[in-house]
Amino acid sequence: MSTMRIPNVLALKAENIIKKFGNFTAVNNVSLSVKKGEAIALLGPNGAGKTTFVEMVEGIQKPTAGHIEILGLTWEKQAKEIQHRIGLVLQENRFLDRVTVFETLKLFTSFYNVPSAKAEYALKKVNLVSKRDDYTMNLSGGQRQRLAIALALLNDPELLLLDEPTTGLDPHARREVWNIIKELKKSGTAIVLTTHYMEEAEKLCDKIYIMFQGKILLSGTMKELLASQEYQSIVDLHFKGQLKKSFQHPAVIRQKKFPGGIRFYAKELKEILPPLMEWIKKNQIKIEDLNCRNLNLDDLFTELTGHKLNEQNRKEA
Amino acid sequence: MQILREIYQLVTIQIKQFYRQPGVLFWAFIFPLAMAWILGVAFTTESKTHYKIAWIVPESIRKPTRLKQFEKKLASSSVQVVWIPESQKEKAWKLYRKQKVVLVMQWQNQKWHFYYDTRLQEAKLLHLEIERKWTHFLTGTKESPPSSVPIQGTRYIDFLLPGLIAMGIMNSLMWGMSWTLIELRMKKLLRRMSASPMSKPGFMLSFYISRMMITAVETLILFVFGKWYFNLTLTGSWLGFFLIFLAGNFAFAGIGVLVASRTDNSRIGNGLINAVTFPMTVASGIFFSYERFPEMAQKFVAILPLTLLSDATRLLFNEGGTLSAILMPATALILYGIIFGAVGLKIYKWH
Ligand SMILES: Nc1ncnc2c1ncn2[C@@H]1O[C@H](COP(=O)(O)OP(=O)(O)O)[C@@H](O)[C@H]1O
Ligand SMILES: [Mg+2]
């Protein structure tokens, strides 16, 4: 293993990555880079190509085209070294049923060639010490996920890849996982996280890549993403009856009818709300419901794709 | 050495996983024992056979002391007598027809008359035996009983036990190793492991080692039981036995790797393992000799890995097989392991 670490090398550099399965393109020309200590999210619904992309970074799948560099290393030339220096949590994590949490960790310390004491260290990091001697088959979903993260921490990875680390977890378990990830981020680990929860991307990551049908549609910090749109606010007005006159005002950038109401897009809520109330009063509109909020990632995604971020998931459930 | 540590960890985990499974004690250790015991006892008719015969005697004498003494003598060699007075003669034929007695003897004019179906070998032998005993009884001479030389290899258990040892090795590798490999892929744990810097040769080697430890225990149990209960032991080379044990394990490890190389579906895995083990269990002469098969089939059966293993084991147990006699089948088994294993590893799906 080389001990020379070039300071300005990127944790991950992916250029024009394409992955095809037969005629189907699962990942379509994705480029992104992650600096050391930076956390990025791949945000997208099921089937967007997140797992396929991440698994190419992890060396599990081979890209059809494109170039991947991890910590300045490539899979073709330095596979073992990459494996020693990255950590990963796969989308699906199952363990040997009748093997304890600690034994599972200890086994992996031998793969990573780190002292067995690292197993105890990782247990503490993910707050699983109390389950140390339980069989993995007796763990809850959240505990299992934490064990998967613990396995990824044994080698103190410089780049950590987390594929939907909180999918299927209850809110409490999710928060626990978030806290662990936050800690890791603080300690300077570069993180690539995939998710279809906007909150997760927003809370944990510096930069977000919105992915859909194999492509990156938009990327940037939360601020940049929102600023990429002309409007930052949305008002949904639900009403009864017919409109005689439409609402026209310079604050309204766009409006869109939907069954039982209208959506207004505006720069700022404080600019649109007063004239809107006025207009409602003047036209004697029977309000059923009025929803106003600042633009969020879900809205942004829907605007970009016409789909909801986690609609497939709802179907699944 | 990292690889040694990895192998040690993997072996430890596999052994733990093995003995922590419920029912493992039964299937791995008790079941083969029970099979050996039940089949061994049922088909190894070593115990003395008891015969019943009928005596028709004139009413007038009524169990004379002389005949009574002879009856005692017969009883000591497991022949039991039913006394029937002449007036109830019919009863004797009735017993004979119902096969309650093997033959009927009538005491007439101070002489024995024998009645039985002369086509029956068993009755004929018994007749001669009783005649002989009667002569000795009359003359008071001592019988010189033939002392039988027990020759190992003639009883069914002698045939069965080495076969069971061979079958145990096959099943242990195929169900223990091959199945565990498929399960690892099914659970995506294999994918997680192979995404780590784990050494793949070390991984495979650990399975061979851990499984061999388990089959060694299984074999030892059958071995000790055979010695203790049936006084059955190796008459041939111990080194040869060790060699064929290693080679047998190796062959089935290779086959196991091939079987487990692609599938992540438990039903397909099950089917594949059955497709390998079942025909061999039936054809390879574990429970009955394959000598009765057509000659062409015999030639084919003889080179199946399980046949090679069980025939060699039998040779060592019953026919004093030497190390050099074992070299051929051992080499063949190792070749099996290398060929199947190499193909298996070549197409092995790690992700
Ligand atoms: N091995 C494969 N063969 C064929 N299609 C695949 C394969 N793996 C993934 N796909 C397809 O590629 C698309 C992206 O999948 P995936 O990367 O798992 O998406 P995500 O992780 O964002 O849910 C999906 O439509 C999926 O069906
Ligand atoms: Mg996925």
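Just so you know, these numbers come straight off a predicted model, no measurement behind them. (Residues numbered from 1 in each chain as written. Chains lettered and ligands numbered in written order. Predicted model: local features only at pLDDT ≥ 70, side-chain atom pairs only at ≥ 80, totals over all residues. Heavy atoms only, no water.)

(A) Up close: the confidence of the model for chain B. Residues and elements named next belong to chain B. Summing up the model confidence of chain B, the mean pLDDT is 90 and the portion of residues at 70 or higher is 95%. Mean pLDDT values over the elements of chain B span from 85, in helix α2 (residues 24-43), up to 97, in helix α9 (residues 238-259). With pTM at 0.81, the complex prediction returns an ipTM value of 0.86. (pLDDT = per-residue confidence, 0-100. Helix = DSSP H or I, 4+ residues; strand = E, 2+ residues; numbered from the N terminus.)

(B) Main features of the sheet that holds strand β3 (residues 103-108) of chain B. Residue and element names in this part refer to chain B. Spatially, β2-β1-β3-β4 is the arrangement adopted by the four strands of the open sheet, whose pairing is mixed. Taken across any chain shown, the strands that pair with only one partner, and hence form the sheet edges, are β2 (79-85) and β4 (111-115). In this sheet, adjacent strand axes meet at a mean angle of 25° when their direction is disregarded. Lying over the sheet, helix α3 (residues 65-76) contacts β1 (51-57), β2, β3 and β4, oriented at roughly 150° with respect to β2. Taken strand by strand, helix α5 (residues 121-139) contacts β1, β2, β3 and β4, and its axis lies near 35° from that of β3. (Pairing = 2+ DSSP bridges. Axes fitted to C-alpha atoms, helices over the stretch in contact; angles between N-to-C directions. Contact = heavy atoms within 4.5 Å.)

(C) The arrangement of the sheet that holds strand β2 (residues 24-34) of chain A in detail. All names here are of chain A. Read from one edge to the other, the open sheet built from three strands follows the order β2-β1-β4, with strand pairing classed as antiparallel. Each edge of the open sheet carries a strand with a single partner, namely β2 and β4 (65-70). Each adjacent strand pair in this sheet contributes to an overall mean axis angle of 20°, direction not counted. Relative to β4, strand β1 (residues 12-21) is paired through five bridges, and the arrangement is antiparallel.

(D) Quick peek at the coordination of the magnesium ion (ligand 2). Only T51 of chain A (OG1) and Q91 of chain A (OE1) from the protein reach the magnesium ion (ligand 2) as donors, at distances of 1.9 to 2.2 Å. Within this pair, whereas T51 of chain A is found in helix α1 (residues 50-57), its partner Q91 of chain A is found in the loop between β5 (86-89) and α3 (101-112), the two being separated by 40 residues in sequence. (Donors = N, O, S within 2.8 Å, 3.2 Å for Na, K, Ca; no water.)

(E) Main features of a positive patch on the surface. On the surface, a cluster of positive charge is made up of K52, K94, R97, K98 and K100 of chain B. Assignment of secondary structure puts K94 of chain B in helix α4 (residues 89-97). (Patch = residues over 30% accessible without salt bridge, like charges linked within 9 Å, V, L, I, M, F, W, Y side chains within 5 Å. Areas by Shrake-Rupley, 256 points an atom, 1.4 Å probe, with all protein chains shown as cover. Salt bridge = Lys/Arg side-chain N within 4 Å of Asp/Glu carboxyl O. Lys, Arg positive; Asp, Glu negative; His and termini not counted. Charge placed at Lys NZ, Arg CZ, Asp CG, Glu CD.)

(F) The environment of F245 of chain B, seen in detail. Residue and element names in this part refer to chain B. Counting through the fold element by element, F245 comes out in helix α9. On the accessibility criterion, F245 (10% relative accessible area) is buried. C-alpha of F245 to C-alpha of M212: the two residues are 33 residues apart in sequence and 8.9 Å apart in space. Not counting residues up to four positions away in its chain, the partners in contact with F245 are I169, M212, T215, A216 and T219. (Buried < 20%, exposed > 50% of the residue type's maximum accessible area, 1.4 Å probe, protein only.)

(G) Quick peek at the site of ligand 1. Residues and elements named next belong to chain A. In the region of ligand 1, the neighbouring residues are F21, F24, A26, P45, N46, G47, A48, G49, K50, T51 and T52. One nitrogen or oxygen atom from the main chain of A48 is found 3.1 Å from an oxygen atom belonging to ligand 1. Those elements that place two or more of their residues in the shell around ligand 1 are β2 and α1. The dominant element in the shell around ligand 1, judged by the number of residues it contributes, is α1, at three residues. (Near = heavy atom within 4 Å. Polar contact = N/O pair within 3.5 Å; in protein donor to acceptor, adjacent residues only side chain to side chain.)

(H) Representation of the packing of α9 of chain B against helix α10 (residues 266-283) of chain B in the model. Residues and elements named next belong to chain B. Put simply, α9 and α10 touch, their axes get as near as 9 Å, and they point 145° apart. For α9 against α10, the interelement crossing comes out right-handed. Touching F252, I255 and V259 of α9 are L272, I273, V276 and M280, all from α10. Considering only residue class, the contact of α9 with α10 consists of seven nonpolar, no polar and no charged. (Left-handed = near helix turned anticlockwise from the far one by under 90°. Nonpolar A, V, L, I, M, F, W, Y, C, P; charged D, E, K, R; others polar.)

(I) View of the interface of chain A and chain B. Contact with chain A, which involves 31 residues of that partner, is made by 25 residues of chain B. Summing both partners gives a buried area of about 2900 Å² for chain A against chain B, and 57% of it is carried by carbon and sulfur. Looking at the side of chain A facing chain B, the largest losses of area belong to L96, R98 and F111 of chain A, adding up to 23% of the total buried there. Taken together, the connections running from chain A to chain B amount to five salt bridges. Across the salt bridge formed by K187 of chain B and D97 of chain A, the nearest N and O atoms sit 2.8 Å from each other. (Buried area = accessible area lost by both parts, 1.4 Å probe.)

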